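Single-letter residue listing:
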Amino acid sequence: MTAAARKAGWGIAAWLAGLIACGLLVARTPVTADLSAFLPRSPSPTQQLLVDQLRDGVVSRLILIAIEGDTPDRRTGLSRAVAARLRGNPLVAAVENGERTGRGADGAYLWTNRYLLSPAVTPDRFTPDGLRKALENDLRLLQSPAGMALKQALPADPTAEILTLTDRMLGDGGGPASRDGVWVSADGTRALLLVQTAAPGFDLDAQQKTLDLIRNAFDEARGTDGSAHLVMTGPAVFSVQTRDRIEADATRSSIVATALVAGVLLLVYRSLRVLALSLLPAATGTLAGIAAVGLGFGTVHGITLGFGVTLLGESVDYAIYLFTQTQPGSPARRTLLRIWPTLLLGVATSVVGFGTMLFSSFSGLAQLGLFSITGLVVALAVTRWVLPTLLPEGYATERPARMAPVLTALTRSAPRLRLPLIAVTLLSLAWLAYQGPAIWASELSSLSPVAESDQQLDEALRRDLGAPDAGHLLVTGAATVEEALAAAERLAVPLETLTRDRLIAGYDSPALTLPSQAAQRARQAALPPPDQLRAALTQALQGLPFRPDAFAPFLADAEKARTMPLLTPASLDGTSLKLKLDSLLVRSGTGWTAMLPLRGVTDPQALAARLAGIPAAHIPAAQGAVLLNLKEESDTLYRTYRQEALTLAVLGAGAIMLLLALALRSLSSLVAAVMPLAAAVVVTMASVTALGQTLTIFHLVGLLLVVGVGSNYSLLFERPEQSPALRERTVASVAIANLCTVIGFGTLAFSAIPVLHGIGMTVAVGAFLCLAFAAVLTRRQPAGPETPTHG
């Protein structure tokens, strides 16, 4: 065995070992659609709070359910049956549908601890006058429709603390419409349920299991009869749908692109073996890219996975350049040595461009950078050290040579279009300047893959259910849990004032579920000793139609509350209120953050001005609290993300120009290589925006790809060849590579996922323009020995 053969054998062995290692890594790497992968790795405190809300906030755990169709009685019956099947399942933290049956643990917590929980417990409440007023109010309520429920609780709770708590914490007042004790929509056409998942919002596998559980419960309850059907919305539903859509689109696009590219290559090379070898660098690069992301980040985002089909568009070019430019009688290794410097420089430009993405503070963008760099480098390495060994002995293709003269003639006549090209480029620049910042999407929702109809359904169900949208939060922080709860309690006074002034419709607070220990001690101190309370009650009962011994349970419960241990977070174990507390009271860094969701905010600016403008002497608790508009913060975060991506793209473009300048060592060659790229980027941006689209961060990623792909065309067109025959083969190889690139990225343009659609359309249009503009702007290179500056 010769040294060359041994070297080739070692190359094949290393490639096979790498395939096995990458395959094992990919098999163990989970796929995620978590939006926080495209949020900062080192966020500000406000951004961190936003990220936490998106990942694990109370809203991210909600599933809104509607049962439609069939008769009203059938819908309410199905609601009860589905709720009964879901309650008690470990995947479900709470199920609400208007029934009282699901609130046993919550009701027991509130009833047993009502005197420690109720903010109405004050010393005046248990004086003879205070008790007298409470008893007189009880008499009025007994004559109302609520009298039956009050009658049961009255002996143990004459001050009606439980009514205040249940109305506030369980939503008995002003909730959804009801039919036969079950929630229904305002128009009565839907039965409604609200499910809180036990798993955090970012755990998509657990959310998927919960959704499957709900569907199975509905199918079992409905049986084979009836026309009712299930509808679900909410962040968990949208996240799972997004992941599935990304994976489905990526898979579909990969299959279609591979089939079309394979058809083109089979038509050109007329060999299944060569076809397989053409796809080998792209397949190996994709596998290595996913493995590198999994190794570096622990998970691979669905968007990064979808990006795999784009790698096919560029990395398959290397094999095309090798096979098409190999002449009869000349071995492939000789061709490779001739074009290797140009291929290496082309890949280096892409690596430098994508390398800037690795420095992004957003892990999702860094994932795309690492994936692209790894995939392209590995694809080039396979082309260099594996393909020549696997090619048939004496391989050469004649078919590209037959089409080459036609393509060469077109490129020779293309420079006549320089003036029109300059005019189009200037017109595009003028269009972009006229549009200004409006060409850029400024809202995070621009990346949302959720259909508008699904968003409208979600809004309708939220209105019917009164579910929180967490659009506005009042946030306050402290060093300890106790201090955070105390800070939340101090906000009650200003918030009640804002409610009375109708700037908000209401609010929630973690201190309603678990008061601070200081507040609990104050309420215990407000409860009189047994003899004093009995004397006050006896005096209050004079002249009222109650038996003197009717309130013995009240005296016993008050004394028990006066001496019972204080409540702690552990006291909420086994209740759905535990999840509520954990969602509103969260650890942030070394401290704790209390979040108070505000309901019915109709004028955010007026509310913010009111909170900021009230002197501390009037509402001291409002000082230090931050009003957080989650939509505004998310959009601000996205704009920050976009600006960073734009900065990185500009730096990447600058680094590419610097690399080309160092490699070409000629100003004229540099200008000739860069001009087609710059013109293609400008015209592509103008074309996309003229079609009514706004540019997102992923269009920027696409433009980086355009520069990376297009640099190969410019360099190969500028490259002097040793003979006219080689020039013709070079032109043919570039044309075939461009067609495969347009196919590979063009399939993504039909994706419903904004990210994949943006990248696909941008690169498909940009790559074609790079080829056309390179042909128009290229300098005519005479046949002759290859100059070292290009090789």
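Participant: I would appreciate a short explanation of the packing of helix H14 (residues 332–355) against helix H30 (residues 697–718) in the present structure.
Facilitator: Any two packed helices are characterised by how steeply their axes cross, that is the angle between the axes, and by the distance between the axes. Where H14 meets H30, the closest approach of the two axes is 9 Å, and the angle between their N-to-C directions is 165°. The orientation of H14 relative to H30 falls into the category roughly antiparallel. Classified by chirality, the crossing of H30 by H14 is right-handed. Here Thr342, Leu345, Gly346, Val347, Thr349, Ser350, Gly353 and Phe354 of H14 come into contact with H30, specifically with Val701, Leu704, Leu705, Gly708, Ser711, Asn712, Leu715 and Leu716. Residue composition of the contact of H14 with H30, grouped by class: 8 nonpolar, 8 polar and no charged.

Participant: For this particular structure, what's the right way to read helix H18 (residues 418–435)?
Facilitator: Along an α-helix, a turn takes 3.6 residues, which lines up residues three or four apart on a common side. Counted at 1.5 Å a residue, the expected span for H18 with its 18 residues is 26 Å, and the 26 Å between its end C-alpha atoms agrees. Among the residues of H18, those classed as buried are Leu421, Thr425, Ser428 and Leu432. Across the axial projection of H18, the buried residues extend over an arc of 60°, all falling on one side. With respect to the buried face of H18, the exposed residues turned more than 90 degrees away are Leu419, Leu426, Leu427, Ala433 and Tyr434. Of the surrounding elements, those touching the buried residues of H18 are helix H29 (667–690) and helix H32 (754–777). Downstream of H18 by one or two residues, Gly436 has phi in the positive range, about 65°.

Participant: Help me understand the side chain of Asn113 in this model?
Facilitator: With respect to the helices and strands, the residue Asn113 is situated in the loop between helix H4 (104–112) and helix H5 (114–117). The exposure class assigned to Asn113 is buried, which follows from its relative accessible area of 7%. Contacts of Asn113, omitting those with residues within four sequence positions, involve Met564 and Leu567.

Participant: Please clarify how unusual backbone geometry should be interpreted in this entry.
Facilitator: Peptide bonds are, in most cases, trans, and in most cases residues other than glycine have a negative phi. In this structure, Arg502 is a non-glycine residue whose phi angle is positive, near 65°. For Arg502, the position within the fold is in the loop between helix H21 (492–500) and strand S10 (506–507). Residue Arg502 is classed as exposed on the basis of its relative accessible area of 74%. Positive phi, close to 55°, is recorded for Arg665, a residue that is not glycine. Secondary-structure assignment places Arg665 in the loop between helix H28 (630–664) and H29.

Participant: So what exactly am I meant to see when it comes to the side chain of Arg338 here?
Facilitator: With respect to the element layout, Arg338 can be found in helix H14. In this structure the side chain of Arg338 is engaged in a polar contact, spanning 3.1 Å, whose partner is the backbone oxygen of Gln325.

Participant: Explain the pattern of salt bridges here, please?
Facilitator: A side chain with one charge can pair with a side chain of the opposite charge if their charged atoms come near. Within the structure shown, the criterion is met by 17 salt bridges. Across the pair Asp73 and Arg179 runs a salt bridge whose closest N-O atoms are separated by 2.8 Å. In this pair, Asp73 sits in helix H3 (residues 72–86) while Arg179 sits in strand S4 (residues 177–179), placing the two residues 106 residues apart along the sequence. Arg215 is paired through a salt bridge with Asp212; the nearest N and O atoms lie 3.2 Å apart. One end of the pair, Arg215, and the other, Asp212, are both in helix H9 (residues 204–222), 3 residues apart, so they sit about a helical turn from each other. What makes Asp212 partly exposed here is its relative accessible area of 32%. Each of Arg114, Asp157 and Asp557 takes part in a single network of salt bridges with overlapping partners.

Participant: When you look at the nonpolar core in this model, what are you seeing that I'm missing?
Facilitator: One recurring pattern in soluble globular proteins is that nonpolar side chains are buried together. Among the nonpolar cores identified, the biggest contains 110 residues, and Leu265, Phe323 and Leu365 are the most heavily contacted of them. Ranked by residues supplied to this core, first place goes to H32 with 15 residues. The residues touching Leu265, leaving out its near neighbours within four places in the chain, are Arg270, Leu275, Ser278, Leu279, Val316, Ile320, Ile736 and Cys740. Residues Leu474, Leu541, Met564 and Ala625 belong to the second largest nonpolar core, which totals 55 residues.

What counts and what doesn't
- Residues numbered from 1 in each chain as written.
- Predicted model: local features only at pLDDT ≥ 70, side-chain atom pairs only at ≥ 80, totals over all residues.
- Heavy atoms only, no water.
- Axes fitted to C-alpha atoms, helices over the stretch in contact; angles between N-to-C directions.
- Helix = DSSP H or I, 4+ residues; strand = E, 2+ residues; numbered from the N terminus.
- Parallel < 35°, antiparallel > 145°, perpendicular 65-115°, else oblique.
- Left-handed = near helix turned anticlockwise from the far one by under 90°.
- Contact = heavy atoms within 4.5 Å.
- Nonpolar A, V, L, I, M, F, W, Y, C, P; charged D, E, K, R; others polar.
- Expected span 1.5 Å × (residues − 1).
- Buried < 20%, exposed > 50% of the residue type's maximum accessible area, 1.4 Å probe, protein only.
- Arc of directions from axis to C-beta.
- Polar contact = N/O pair within 3.5 Å; in protein donor to acceptor, adjacent residues only side chain to side chain.
- Salt bridge = Lys/Arg side-chain N within 4 Å of Asp/Glu carboxyl O.
- Core = buried A, V, L, I, M, F, W, Y, C linked by side-chain atoms within 4.5 Å.

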